[in-house]
Amino acid sequence: QVKLVESGGGLVQPGGSLRLSCEASRSIFSTYTMGWYRQAPGKQRELVAGISSGGSTNYADSVKGRFTVTMDNAKNTVYLQMNSLKPEDTAVYYCNARYGGRAPYWGQGTQVTVSS
């Protein structure tokens, strides 16, 4: 079992920044691929950013150039730095961990609201 604990969500004005954190209960980043997903009301859950155990990253087109995903294996923590936030970024953000065909692990979600 892997427990993922998320933090860092909140209310921010358009153009502002937030950094989300996802701490795993044990060391998994050497083998697991980590991802950040988000789901807004009335929309499907979508992949925002991913990072592999080797450090390769990928981003949704809507966040490229604004969001950055990183990992700190010593702290068992993955981060999502979100800059130049827009109202359309408002959603519940979820941390995800997957390895091969195993069922993925999910965090509890953290609310990000971008509004003036």
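What counts, and where the lines are drawn
- Residues numbered from 1 in each chain as written.
- Predicted model: local features only at pLDDT ≥ 70, side-chain atom pairs only at ≥ 80, totals over all residues.
- Heavy atoms only, no water.
- Core = buried A, V, L, I, M, F, W, Y, C linked by side-chain atoms within 4.5 Å.
- Buried < 20%, exposed > 50% of the residue type's maximum accessible area, 1.4 Å probe, protein only.
- Helix = DSSP H or I, 4+ residues; strand = E, 2+ residues; numbered from the N terminus.
- Contact = heavy atoms within 4.5 Å.
- Phe/Tyr/Trp six-rings, centres within 6.5 Å; stacked < 30°, edge-to-face > 60°.
- Lys NZ or Arg CZ within 6 Å of the ring centre and 35° of its normal.
- Salt bridge = Lys/Arg side-chain N within 4 Å of Asp/Glu carboxyl O.

(A) Summary view of the nonpolar core. Counting residues in each nonpolar core, the largest one holds 32 residues, and the members touching the most others are Leu4, Met34, Leu80, Met82 and Tyr93. Among the secondary structure elements, those contributing two or more residues to this core are β3 (18–24), β4 (33–39), β5 (46–51), β7 (67–72), β8 (77–82), β9 (91–98) and β11 (110–114). Setting aside chain neighbours within four positions, we find methionine 82 in contact with Gly16, Ser17, Leu18, Leu20, Arg66, Phe67, Tyr93 and Val112.

(B) Spotlight on the packing of aromatic side chains. Per the counting criterion, the structure on display carries four aromatic pairs. Relative to tryptophan 106, the ring of tyrosine 94 has its centre 6.4 Å away and its plane inclined at 85°; by these criteria the two rings are edge-to-face. One end of the pair, tyrosine 94, is in strand β9; the other, tryptophan 106, is in strand β10 (residues 105–106), and twelve residues separate them in sequence. Assessed through its relative accessible area of 35%, tryptophan 106 is described here as partly exposed. Chaining the aromatic ring pairs together yields one cluster made of Tyr32, Tyr99 and Tyr105. Taking the ring centre of tryptophan 106 as reference, the NZ or CZ of arginine 45 above it sits at 4.8 Å.

(C) The pattern of salt bridges, seen in detail. A complete count under the given rule lists four salt bridges for this structure. Residues aspartate 61 and lysine 64 are paired through a salt bridge, measuring 3.0 Å at the closest nitrogen-oxygen approach. The partner of arginine 66 in a salt bridge is aspartate 89, with the nearest N and O atoms 2.7 Å apart. Of this pair, arginine 66 sits in the loop between β6 (57–59) and β7 while aspartate 89 sits in the loop between β8 and β9, and the two are 23 residues apart along the sequence. We classify arginine 66 as buried; its relative accessible area is 11%. Take aspartate 89: its relative accessible area is 1%, and that puts it in the buried class. Connected through salt bridges with shared partners, the residues Arg38, Glu46, Arg66 and Asp89 form a single ionic network.

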